[in-house]
Amino acid sequence: MREGGAQQCYLTSAQMIVEDRQINPEGPENSVLEFTWHSYIVVLLPGDRYTCFPCAESEWSEEGSTTCKTRAVVYLHFTEISSIAVIILATFLIVVLIFIFCLFAYNYNTPVVRSAGGNMCFLMLACLIISTTNVFFFFGQPTTVICILRNFTFSFFFTICLSCLSVRSFQIVCIFKMAAEFPKLHSLWVKHSGHWLFVAMFSVFHLIVCLIRVTVSAPKPFRDSVSFKDQVILDCKNGHTAALATAVFIGWFLGFLCILFSYMGRDLPKNYNEAKSITFSIILFYVIWIVYFTALSLIKSRYVQLFNAVTQLFSIYGILFSYFIPKSYIMLFQPKKNTAAYFQTSIQNYTQTISRS
């Protein structure tokens, strides 16, 4: 028996599989045939002939077997230990995000929330919460609806979060560095709510890409019966390759903008400077997805799906701990830093430093 493209079959009378060739013993009824099969000398006595019949797709057989065995149908079950661990991580993440959402709402008019983006923070948190729920679609037997939700929920809402993060970084640079040099452009940006237009533009573009994927070649469940001879892996096909590549490119491009604007604002006042934390979260985002795509191309296993879920969780955890946790810590344990006077002092110190230089 050979794995991969070779046909899996069992033996009966009339012919036999020898290596990759099908041997039809011919000769008189009473003749004795002798040939080599897998280093064994096979002797066919008169009236002793073999036929190889293919097993069904859901079956397999060992080399030289006379029967077919039923393949095990495998997918990620909710009750597996690894699945339970990922579900616990996702549930904990959702609870923390909801808590931070409420904390930001309670402190809505404070300088920390305003410096973090104001209303845009709530959009980011809502998108992260919805993105986290996507993890639950990796468990259980995949269906067409589950495959579509698994491919689009995280991709779309996490992209919105990245667009908010990148435009927020740009706004800080714009206020402190570009307003003085390009006052007209700055006034137009503020007048026409440029930050919301930026987020809307990338969101609509990504939504169009998602709709193209659904209409042209939607993700759907498929049965991988090639990777393992004794297993059938249930998974989801990603659908239209070009649309998928475009969706990935949008996310990676927004990540690049986050790093670029964070670098431009690396010398801003400490209360407005998240260059190191944002850069760390985006680099983590890049690294874990590179590792995932590498594993996807090299490994064939149901646990690649689990790795995909973990990769999404790590991407969200990266933004949570680099962007929202530090601000939440100030609101909870350092309220003196969450005052207009403290922020004003930081801005004055920054202005004096710039004037001296």
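Residues numbered from 1 in each chain as written. Predicted model: local features only at pLDDT ≥ 70, side-chain atom pairs only at ≥ 80, totals over all residues. Heavy atoms only, no water.

Caption draft 1: Layout of the packing of aromatic side chains. Applying the stated criterion across every chain, the model contains 23 aromatic pairs. An angle of 55° between the planes, with centres 5.4 Å apart, marks the rings of Y292 and F293 as tilted. Assessed through its relative accessible area of 34%, F293 is described here as partly exposed. Taken together, F154, F158, W252, F285, Y286, W289, Y292, F293 and F307 form an aromatic cluster joined through their ring pairs. A cation over a ring is seen here: K237 above F222, with NZ or CZ 5.8 Å from the ring centre. In this structure, K327 packs its charged tip against the face of Y323, placed 5.1 Å from the ring centre. (Phe/Tyr/Trp six-rings, centres within 6.5 Å; stacked < 30°, edge-to-face > 60°. Buried < 20%, exposed > 50% of the residue type's maximum accessible area, 1.4 Å probe, protein only. Lys NZ or Arg CZ within 6 Å of the ring centre and 35° of its normal.)

Caption draft 2: A look at the sheet that holds strand β9 (residues 72-74). Taken in spatial order, the three strands of this open sheet run β9-β11-β10, and their pairing is mixed. The outermost strands of the open sheet, each flanked by one partner alone, are β9 and β10 (220-224). Neighbouring strand axes in the sheet, compared pairwise and without regard to direction, differ in orientation by 25° on average. As defined by bridge partners, β9 adjoins strand β11 (residues 231-237) across three bridges and the pair is classed as parallel. Within β11, the residue paired with V73 across the bridge is V232. (Pairing = 2+ DSSP bridges. Helix = DSSP H or I, 4+ residues; strand = E, 2+ residues; numbered from the N terminus. Axes fitted to C-alpha atoms, helices over the stretch in contact; angles between N-to-C directions.)

Caption draft 3: Looking closely at the layout of surface pockets. Estimated volume of the largest pocket: approximately 850 Å³. Among the elements that make up the lining of the largest pocket, the one with the highest residue count is helix α4 (residues 144-181) (seven residues). Considered class by class, the residues forming the lining of the largest pocket number 18 nonpolar, twelve polar and six charged. (1 Å grid on protein atoms, 1.4 Å probe; cavity = no way out; pocket = protein on both sides within 12 Å on 5 of 7 lines; lining within 4 Å. Points joined across faces, edges and corners; volume = space filled by probe spheres on them. Nonpolar A, V, L, I, M, F, W, Y, C, P; charged D, E, K, R; others polar.)

Caption draft 4: Molecular detail of the pairing of β10. As paired elements, β10 and β11 share five bridges and run antiparallel to each other. Looking across to β11, one finds that R223 is bridged to L234. Here β10 folds back onto β11 in antiparallel fashion, the turn holding six residues.

Caption draft 5: Quick peek at the state of the cysteines. Scanning all chains against the criterion turns up one disulfide. Across the disulfide from C147 sits C236; the S-S distance is 2.0 Å. Handedness of the C147-C236 disulfide follows from its S-S torsion of about -75°: it is left-handed. With C147 in helix α4 and C236 in strand β11, this pair connects stretches of sequence that are 89 residues apart. For C147, a relative accessible area of 0% corresponds to the buried category. The thiol sulfur of C127 is not disulfide-bonded, and the nearest other cysteine sulfur, from C164, lies at 6.2 Å. Its relative accessible area of 3% is what places C127 among the buried residues. (Disulfide = S-S within 2.5 Å.)

Caption draft 6: Spotlight on the side chain of S281. Examined against the element boundaries, S281 turns out to sit in helix α8 (residues 275-298). A residue is classified by how much of its surface remains accessible, and S281, at 3% relative accessible area, is buried. A polar atom in the side chain of S281 sits 2.7 Å from the backbone oxygen of I278. Ignoring any residue separated from it by four or fewer positions in sequence, one finds S281 in contact with G318, I319 and S322. (Polar contact = N/O pair within 3.5 Å; in protein donor to acceptor, adjacent residues only side chain to side chain. Contact = heavy atoms within 4.5 Å.)

Caption draft 7: Expanded view of the nonpolar core. Counting residues in each nonpolar core, the largest one holds 67 residues, and the members touching the most others are F104 and F324. Residue assignment for this core shows that the elements contributing at least two residues are α1 (81-106), α2 (111-115), α3 (119-133), α4, α6 (194-217), α7 (241-264), α8 and α9 (303-333). At twelve residues, the largest contribution of residues to this core is made by α9. The contact partners of F104, leaving out residues within four places of it in the chain, are V113, A116, C121, F122, F324, K327, S328 and M331. (Core = buried A, V, L, I, M, F, W, Y, C linked by side-chain atoms within 4.5 Å.)

Caption draft 8: Seen up close, the packing of α3 against α6. Closest axis-to-axis distance for the α3/α6 pair is 12 Å, and the angle between their directions is 20°. By the angle class used here, α3 and α6 are roughly parallel. As for the relative orientation of α3 and α6, their crossing is left-handed in sense. Where α3 approaches α6, its residues N119, M120 and L123 are matched on the opposing element by H195, W196 and V199. Partitioned by chemical class, the residues of the contact of α3 with α6 number four nonpolar, two polar and no charged. (Parallel < 35°, antiparallel > 145°, perpendicular 65-115°, else oblique. Left-handed = near helix turned anticlockwise from the far one by under 90°.)

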